[in-house]
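Report on the structure
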2 protein chains.
Amino acid sequence: MPDPAGLVDAARAGDRAALARLLSLVERGGDEAHEIGRICHPLGGGAYTLGITGAPGSGKSTLTNALLGILRDADRAVAVLAVDPSSPFSGGAILGDRVRMGDHALDPGVFIRSMATRGHLGGLALATPQAVRVLDAVGMELVIVETVGVGQVEVEIVGAADTTVVVVNPGWGDAVQANKAGLMEIADLFVVNKADRPGAADTRRDLDAMLDLSEPGEWRPPIVTTVASTGEGVDEVQSAVESHRAFLAGGGRLEAKRAARLRDELRLVVAERLRLRAESLVGVDDRQQLEDAVVARQLDPWTAADRILTAVDA
Amino acid sequence: MPDPAGLVDAARAGDRAALARLLSLVERGGDEAHEIGRICHPLGGGAYTLGITGAPGSGKSTLTNALLGILRDADRAVAVLAVDPSSPFSGGAILGDRVRMGDHALDPGVFIRSMATRGHLGGLALATPQAVRVLDAVGMELVIVETVGVGQVEVEIVGAADTTVVVVNPGWGDAVQANKAGLMEIADLFVVNKADRPGAADTRRDLDAMLDLSEPGEWRPPIVTTVASTGEGVDEVQSAVESHRAFLAGGGRLEAKRAARLRDELRLVVAERLRLRAESLVGVDDRQQLEDAVVARQLDPWTAADRILTAVDA
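Definitions and cut-offs
Residues numbered from 1 in each chain as written. Chains lettered and ligands numbered in written order. Predicted model: local features only at pLDDT ≥ 70, side-chain atom pairs only at ≥ 80, totals over all residues. Heavy atoms only, no water. Helix = DSSP H or I, 4+ residues; strand = E, 2+ residues; numbered from the N terminus. Buried < 20%, exposed > 50% of the residue type's maximum accessible area, 1.4 Å probe, protein only. Contact = heavy atoms within 4.5 Å. Areas by Shrake-Rupley, 256 points an atom, 1.4 Å probe, with all protein chains shown as cover. Axes fitted to C-alpha atoms, helices over the stretch in contact; angles between N-to-C directions. Parallel < 35°, antiparallel > 145°, perpendicular 65-115°, else oblique. Left-handed = near helix turned anticlockwise from the far one by under 90°. Nonpolar A, V, L, I, M, F, W, Y, C, P; charged D, E, K, R; others polar. Buried area = accessible area lost by both parts, 1.4 Å probe. Salt bridge = Lys/Arg side-chain N within 4 Å of Asp/Glu carboxyl O. Polar contact = N/O pair within 3.5 Å; in protein donor to acceptor, adjacent residues only side chain to side chain. Phe/Tyr/Trp six-rings, centres within 6.5 Å; stacked < 30°, edge-to-face > 60°. Domains from an automatic or database assignment.

Section: the overall build of chain A
- Of regular secondary structure, chain A possesses 13 helices and seven strands.
- The burial tally for chain A puts 55% of its 314 residues in the buried class.
- A separation threshold of at least 6 residues defines the contact pool for chain A, and within that pool the share at least 24 residues apart is 75%.
- As displayed, chain A offers around 12500 Å² of accessible surface, 52% of which is attributable to carbon and sulfur atoms.

Some details on the packing of helix 1 (residues 4–12) of chain B against helix 3 (residues 31–40) of chain B
Residue and element names in this part refer to chain B.
- Between helix 1 and helix 3, the shortest axis-to-axis distance is 9 Å and the interhelical angle comes to 50°. With respect to helix 3, the axis of helix 1 lies oblique. Handedness of the helix 1/helix 3 crossing: right-handed. Facing Pro4, Ala5 and Val8 of helix 1, the residues of helix 3 in contact are Glu35, Ile36, Ile39 and Cys40.
- Its residues placed into classes, the contact of helix 1 with helix 3 shows six nonpolar, no polar and one charged.

Brief notes about the interface of chain A and chain B
- Taken together, the contacts link 84 residues of chain A with 83 residues of chain B.
- Buried surface at the junction of chain A and chain B, both sides included, amounts to about 7500 Å², of which 62% is carbon and sulfur.
- Of all residues in chain A, the largest losses of buried area upon contact with chain B belong to Lys180, Arg297 and Trp302 of chain A, amounting jointly to 13% of the total for that side.
- Where chain A meets chain B, there are 10 salt bridges.
- Across the pair glutamate 291 of chain A and arginine 267 of chain B runs a salt bridge, and its minimum N-O distance is 3.3 Å.
- Scanning the region where chain A abuts chain B turns up 21 residue pairs in polar contact (both at pLDDT 80 or more).
- Sorting the residues of the side of chain A that touches chain B by element identifies helix 3 (31–40), helix 5 (123–137), helix 6 (152–159), helix 7 (172–180), helix 9 (200–213), helix 11 (253–281), helix 12 (284–295) and helix 13 (301–313) of chain A as the ones contributing at least two each.

With respect to the pattern of salt bridges
- Applying the stated criterion to the full structure yields 36 salt bridges over all chains.
- With a shortest N-O distance of 3.8 Å, arginine 28 of chain B and glutamate 32 of chain B are connected by a salt bridge.

Considering the packing of aromatic side chains
Residues and elements named next belong to chain A.
- Summed over the entire model, instances satisfying the criterion amount to two aromatic pairs over all chains.
- Measuring from ring centre to ring centre gives 5.1 Å for tryptophan 219 and phenylalanine 247, while their planes differ by 35°; the resulting arrangement is tilted. Note that tryptophan 219 is positioned in the loop between helix 9 and strand 7 (223–225) and phenylalanine 247 in helix 10 (residues 234–249), a separation of 28 residues in sequence.
- Overall, the relative accessible area of 22% leaves tryptophan 219 in the partly exposed class.
- The class for phenylalanine 247 is buried, based on a relative accessible area of 18%.

Overview of the domain arrangement of chain A
Residues and elements named next belong to chain A.
- Structurally, chain A comprises domain 1 (1–43), domain 2 (44–251) and domain 3 (269–313).
- When domain 1 packs against domain 2, close to 1500 Å² is buried across both sides, 61% of that on carbon and sulfur atoms.
- Here domain 1 is connected to domain 2 by one salt bridge.
- With its nearest N and O atoms 3.3 Å apart, the salt bridge here joins glutamate 27 to arginine 113.
- Taken together, domain 1 and domain 2 are joined by nine residue pairs in polar contact (both at pLDDT 80 or more).

This is the structure:
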C-alpha cells in the first residue's frame, strides 16, 4: 500500500518516480486519489497553467515542443499533461510511436505525462485537475495541458487553463470548425500554425471576423502566425502568453478565474460523490427491477431515476 | 408552452416541424425533455442505430452521404444525428457551410439534425440517447449517429450504437491514433476510406495486427476499403453492417446490447438527478462558505464535497 504523504514528500524533493506514481494513483481515482488531493491542495497555487488545443494534425505538439525549447532555455520547471489521443506525447506506445516524441522527452527539467481518455464519463474531467494539482504542489512553475480541440470534455478541460491557446491551420474550414467546436469561447490566443501554407491570411481574417461578431470582452484574443516546425513565430506566441498573463494579473482577474475553476471542480466532485453513493445505497434487487422495467419499456429512464432517488431517501 | 404529447402525435404523423421542435426541447433538457422521453420510450425499439466515427477529415460525412443514397434507394426512413463539430451535417451554418451539406439535405425521407457540443459536462451524453429515442418513436427505421472519433463523451456515445463503424484513412498513424482514442474497443466494422491514396494496404494490416492483439470475441470486426467520394466500396460497407446486424439478431445479442445501453443511460440520469438535487438542497450560504474555503486552499474539493453531502443528509 502506497503512502501518499511519503510520495508527495519524495516528489517535492525531486523524485520523478514518486511523481509518476502519484499521477497514476490520481488517474485511478478512489480514496488514495482524494488523500493525495487533500495533501496537495494547500501546497499549490504557484503553477501557471497553459492550455493548448486544436484539431488533430494542427501542430499542437510541435508548438508545445517548440515552446518547451524557449522555456527550458529560461530554466523553468515545466510539466506537460497530454489529454489528447492524437498527441505524440500521449501514452500507449504502440508500434513505436515513442520515436515521434518531442526533443524534450528525456530532459530532466521537463515532466511529460499522458492522461488516458478511457474510463467512465467524467473521468478525465475529474482526473485532470487533480493531476494539475499534484504537478503544482511538487513545484512545477508551468503546467501545459494539451487536449485535442474536439470533444466536449476535452474542450472544457483546456478552457479551464489560466491561458488557453487555440491552434488552427490555414484554410477556410479550420476557423469555422474551431467555432463549431466551441473553441472561440475558450481562446485567449489564436495561433495560425503551418503559416507557410496557402491561406494563412484568410484564416487570420476569418478569425478576426468571428471575434468581431463575438461579445466583446476586456481581452481580445490576439492572433499569431507560426511555423512551429521551424520555430518561426514561437517567440511571439510566448510573448502573447506573457501578455495575457500580465492582463490576468491585473484587477484580481487570475484569482477570479481560478476561483471559478475550483467552484466548477467542487460541483463535479459533489456529483461524483453522489453517483457513487446512489450506486451503493440502492439495493441490488430494487435497482435490478427498475432496470428491467426500463429495458422492457414499461418505465422510462427518468421515471426510474426518480424511483431510485426515492429509495435513497427512504 | 409546447404540448409534448401533441408534438409527438404530430411528429408520428409526419410533421417535420414538430419533430424538429421535439429535438430542440430534448436538447435543452429539463422537465419537458423528461416528459417527451416518458411518452416516447414505450413507443420505441423499432429503430436500428448505426454509429459512424473517425477523425475529422476521415470522410465520415461523405460515407454517411453515400450510405444514405443506398438506403434511400431502398426507401427506408432514415435520420442522421450529427454530434460532430467537423461534420458538414452539423449546425451553426456560419460562412455558408450549408453549401457543403450532403446530397440528401433536402430529401424529405431523410431527417438530418445536429446536436450542439456545448453545455455542461454530460450534456451530450444525456441528450443524444433522448434524441435517438424521439427519432425511434416517430418511426425512423435507421438512425445514423455521427460523432467525431476523439473525445471521451463522443466515443462513448457512438460506441453505444447497435453497429459502430470506425472510419480511418491510409497511412501509418491513423490506426495507431484510432487505438489510442479507444476506437478499437467500440468498432464493429472498420472502413479504410480514401483507399485510392497510398498506404491503404498498410493500414488494413495495422488494423488486422491490432485486432490480433485484442481479446478475441465472438465477432471479429471486418475491414472494408472504400473511396466514399466515388461510392466505391460503399455497397460492401452496407453489406458488412447487415452482416453485423444479422449476427446481433442471433442468441439475443441485440437485446442484451440494448439492455446494457439503457442501464448505462439510467445510471447517467440518476447521477444528473442527484447533481441537480445537491445544487438545490444545499443552502447558498453554506455552499458559498465551503467554496470560499476551497478557493482559499483551506479545504480541498473532496473534503468540501463530503461536507456538502453531510448537509444534504441533515
